[in-house]
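The chain contents come next:
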There are 2 protein chains.
Amino acid sequence: MKQGVKPAAGTDHPVVKSPFESRFLLFPEGVRLEEPASGSPTVTYPRGFLAAGLPIGLKESGRPDLGVLSVAPGWHDRDVSAAMFTTNAYAAAPVVVTREECDLDHLVAVVMSSGNANACTGEHGLAVARDMGATCAEVLGVPRQRVAVGSTGIIGVQLDRDVVVSGVRKVAGALTTGGGPDFAHAIMTTDRFPKMAALELDTGSGQVRLGVCAKGAGMINPAMATMLCVVTTDAHLDPAQARQSLKYAVGRTFNRITVDGEMSTNDTVVFLSSGASGVTLGPEALKRFQAALEAMLLRVALMMVADGEGATKVIKAEVSGAEDHRQAERVARAIAGSPLVKTAMHGGDPNWGRVVGAAGAAMAGRSLPASSLRLGGVLVFAEGAARVLSAQERAELAAAVRRSEIEIALDLGLGGASAAVFFSDLGHDYITINAEYHT
Amino acid sequence: MKQGVKPAAGTDHPVVKSPFESRFLLFPEGVRLEEPASGSPTVTYPRGFLAAGLPIGLKESGRPDLGVLSVAPGWHDRDVSAAMFTTNAYAAAPVVVTREECDLDHLVAVVMSSGNANACTGEHGLAVARDMGATCAEVLGVPRQRVAVGSTGIIGVQLDRDVVVSGVRKVAGALTTGGGPDFAHAIMTTDRFPKMAALELDTGSGQVRLGVCAKGAGMINPAMATMLCVVTTDAHLDPAQARQSLKYAVGRTFNRITVDGEMSTNDTVVFLSSGASGVTLGPEALKRFQAALEAMLLRVALMMVADGEGATKVIKAEVSGAEDHRQAERVARAIAGSPLVKTAMHGGDPNWGRVVGAAGAAMAGRSLPASSLRLGGVLVFAEGAARVLSAQERAELAAAVRRSEIEIALDLGLGGASAAVFFSDLGHDYITINAEYHT
């Protein structure tokens, strides 16, 4: 079982290099990003969290493959959480165990492994996932229902119980406040770089901090784009606030990106609030908190798209003029999911007929005489016909599709609703990575 | 405007080399395939048809780019037809003109061009499509409503009216009984080889002949996989028989294949019956006729999959144990549309977790504990868990996924319905062809 290995673009990737300059990203007022000299904003930036990540022998490469992240013992009584999972009918054992056997409002820790998904593994797999959580809970001295379990990697291979259990003991006994980056590395598979962000927010009622780290590159699609993601805050939330905030932010970020239209068997997002800031949130402060959470998760979502297997670009498909939001979203997803659009964008090819073809398929049976299309800001199609472009427009168009961030804006000409989806291009490396993932 | 050019695999393609040995293809009794020494069974094999195809200057390459196929003048009074079109909301001008302005029950000829789709071309495009049909009708001496028009190629570029009109005059004046292969070549774009088949059938009431030629490689997906297809017969059908037979056969063949999940703006299938055999079909003979038609179209559909852009394999995804046919088909299409399944098959990788992941996404929100999966005939997953394979089974599995035809059989364990979809793998050449199609 060899993990797929990506060509090493690493942090030289154009979209990742200057991530906060993305044209698609705006942070709301009152937010101060944590931008440490190390370049690794950490999921343990909020107060009251500990983490660790180590190699325990699940990945043949010897790279870190098990991580634990926990609310620090002093804050267990304030701890509040929320969680969301894949809806895949073949949900992996750790998803089943966490979703059905844990207290999702009061999780105190997560234990996550990479290299093996523990999916399609039957009763034995469920037992191993339970043991993973129970061992972590035992070391931390908390009830087993308060530890979420997650795994990512190859499907259909049994995890070795003894390796996992002794590994969990080792990692859960090594937690530190600085362990966030190690945790982030331990959950990576084909990721070229860890996805992390952290910020401090003036809520109006006091300063709170937020942190996130995620793993995800291929097999990325709504719903629940992340394979594994942990979000932390030291705000003192109640369970309803945590649930509602997570659902809102995931819906507007992870559920609006696609790499390859695939839905994993293992997607899990856990949101842990330590309460360590002592700040509770009234209605106005909660709004600010949710806006900051959304911006932070969008930042990580765009990192995932940029790290899409073989991807070199982040593209925004915005559909306006729809009869309702659902229709707009359906068409935007069709454009984002089209292999012809993806390959054209990969080649820096202004062949906008691909976009129209994909959108028209999503609106099959209709006729759309009043629609128009802008590619990279240039109006190429209006009132049902190709525009004859000036030399300057042709030059603008050619330059726009060669950029690392591209905007596609289709107006259906039917109504007032709109929606946007972010997606990656499709290049040779996707084939290379995925044709050789297993063997 | 350069047409994408495929790496020249030509007729050396493994699936094409021995097309009638496909494990997915069975011809019913009473059928005799036309297998000429030239290797080119022709769409003008049925009696009462003429065709031609020539270069008129639409393709930069100078290859043939306009074809006309017509019922021979002596049979115009018996002529009966049917036609089906893409439902894309941005349907091309020739589709709009043919669908809305022609007598689809009594078409006498088709004129089809390649190199330019005449899509997204507004009023001017509609006028050119009308002129194309009218000029052809004028040369043939038939009413303009009886000539179908089709185009394929790049979207959003205007066709030159004068080039088209003089080209149509030239081609429509050059029809011969042996012109079928020339017509087939004239409608090709990125196809590596023309798709043709012909057969003679003993209906029980007399011998009738059937012929087909089609163009299609990329942008292949239900509904209406073909971009352009003409089906001919010398059976003496009535309009209802023609319509019903075409709809039935297309539903079970072209609508059950996928290359890249894309739906074209130009898909057109025209079915022409010359009546030149003098054989009319009673209920029993019609059944035989429809079975032969289905087999012939499946043969061409499998050729299209084999010629999928960059494709090296034909894969059958069969889903059984579903609650109803619709569910089975939805899951089969999800497997066939999954880039991870496609790339794994391309790499000859037995990573069946890709199949389960895609199927589970299509059945999101359910749990499927009783399902099982065979890959290349080997049972790899049963009762919700990976099976431990013997050395012999592992060897069988490895050999099966390296073949040019692969079977995936998923039993959902829910009910008695089943469905199958045929699809191609996804390889580097798809990226190469489509990232550089336009520029």
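Residues numbered from 1 in each chain as written. Chains lettered and ligands numbered in written order. Predicted model: local features only at pLDDT ≥ 70, side-chain atom pairs only at ≥ 80, totals over all residues. Heavy atoms only, no water.

Student: Would you mind showing me how to read the interface of chain B and chain A here?
Tutor: Accessible area lost on assembly of the parts is the figure often given for the size of an interface. At the interface, 60 residues of chain B touch 60 residues of chain A. Overall, the association of chain B and chain A removes approximately 4,400 Å² of surface from exposure, summing both partners, and the carbon and sulfur fraction of that is 63%. Linking chain B with chain A are zero salt bridges, by the criterion used here. Between the two partners, chain B and chain A, sit 17 residue pairs in polar contact (both at pLDDT 80 or more). At the level of secondary structure, the elements contributing two or more residues to the side of chain B that touches chain A comprise α9 (339–346), α10 (353–362), β15 (385–386) and α12 (428–435) of chain B. Tallying contributions element by element places α10(B) first for the side of chain B that touches chain A, with eight residues. Residue composition of the side of chain B that touches chain A, by class: 30 nonpolar, 24 polar and six charged. (Contact = heavy atoms within 4.5 Å. Buried area = accessible area lost by both parts, 1.4 Å probe. Salt bridge = Lys/Arg side-chain N within 4 Å of Asp/Glu carboxyl O. Polar contact = N/O pair within 3.5 Å; in protein donor to acceptor, adjacent residues only side chain to side chain. Helix = DSSP H or I, 4+ residues; strand = E, 2+ residues; numbered from the N terminus. Nonpolar A, V, L, I, M, F, W, Y, C, P; charged D, E, K, R; others polar.)

Student: What should I look at first to understand the pairing of strand β17 (residues 417–424) of chain A in this one?
Tutor: Residues and elements named next belong to chain A. Of all the eight residues making up β17, seven are buried; the element is thus mostly covered by neighbouring parts of the structure. Two strands pair when backbone bridges link them, and strand β10 (residues 257–258) and β17 are joined in this way by two bridges, in the parallel orientation. Within β17, the position partnered with Thr 258 by the bridge is Phe 423. (Buried < 20%, exposed > 50% of the residue type's maximum accessible area, 1.4 Å probe, protein only. Pairing = 2+ DSSP bridges.)

Student: Any chance you could explain the sheet that holds strand β14 (residues 378–382) of chain B here in plain terms?
Tutor: Strand pairing in a sheet is mediated by backbone hydrogen bonds. Such pairs are either parallel or antiparallel. All names here are of chain B. One open sheet holds the seven strands; their spatial order is β10-β17-β12-β16-β13-β14-β15, and the pairing between them is mixed. The two strands at the open ends of the sheet, each matched to only one other strand, are β10 (257–258) and β15. Two elements, strand β13 (residues 372–375) and β14, share three bridges in a ladder whose sense is antiparallel. Residue pairing for β14: Leu 375 is matched across the bridge by Val 378. Against the sheet, helix α8 (residues 325–337) touches β10, β12 (314–322), β16 (405–411) and β17 (417–424), its axis set at about 20° to β17. The sheet strands contacting helix α11 (residues 391–400) are β13, β14 and β16, and the helix crosses β14 at an angle near 105°. (Axes fitted to C-alpha atoms, helices over the stretch in contact; angles between N-to-C directions.)

Student: Mind showing me how you'd approach the relation of the copies chain B and chain A here?
Tutor: Note: a rotation about an axis with an accompanying shift along it relates these two copies of the chain. Laying chain B over chain A is done by rotating through 180° and shifting 0.0 Å along the axis; what remains is an RMSD of 0.0 Å. Taken together, the rotation and translation describe the operation of a two-fold axis. Relative to the rotation axis, the closest C-alpha in chain B is found at B:His428, a distance of 2.9 Å. A shared interface surface links the copies, since 100% of the contact residues of chain B are contact residues in chain A too. (Least-squares fit on C-alpha atoms with pLDDT ≥ 70 in both.)

Student: Where do I start with the domain arrangement of chain A in this structure?
Tutor: Residue and element names in this part refer to chain A. Structurally, chain A comprises domain 1 (28–306) and domain 2 (314–435). Using C-alpha coordinates to define each centre, domain 1 is positioned 33 Å away from domain 2. Tallying the contact residues gives eleven residues for domain 1 and ten residues for domain 2. Between domain 1 and domain 2, roughly 1,000 Å² of surface is buried when both sides are summed, and carbon and sulfur atoms account for 61% of that area. On the domain 1 side of the contact with domain 2, Arg 256, Thr 258 and Val 305 bury the most area, a combined 47% of that side's loss. Applying the counting rule to domain 1 against domain 2 returns zero salt bridges. Here domain 1 is connected to domain 2 by six residue pairs in polar contact (both at pLDDT 80 or more). Breaking the side of domain 1 that touches domain 2 down by element, the ones donating at least two residues are β10 and α7 (283–306). Top element by residues in the side of domain 1 that touches domain 2 is α7. It accounts for four residues. Here the residues of the side of domain 1 that touches domain 2 sort into seven nonpolar, two polar and two charged. (Domains from an automatic or database assignment.)

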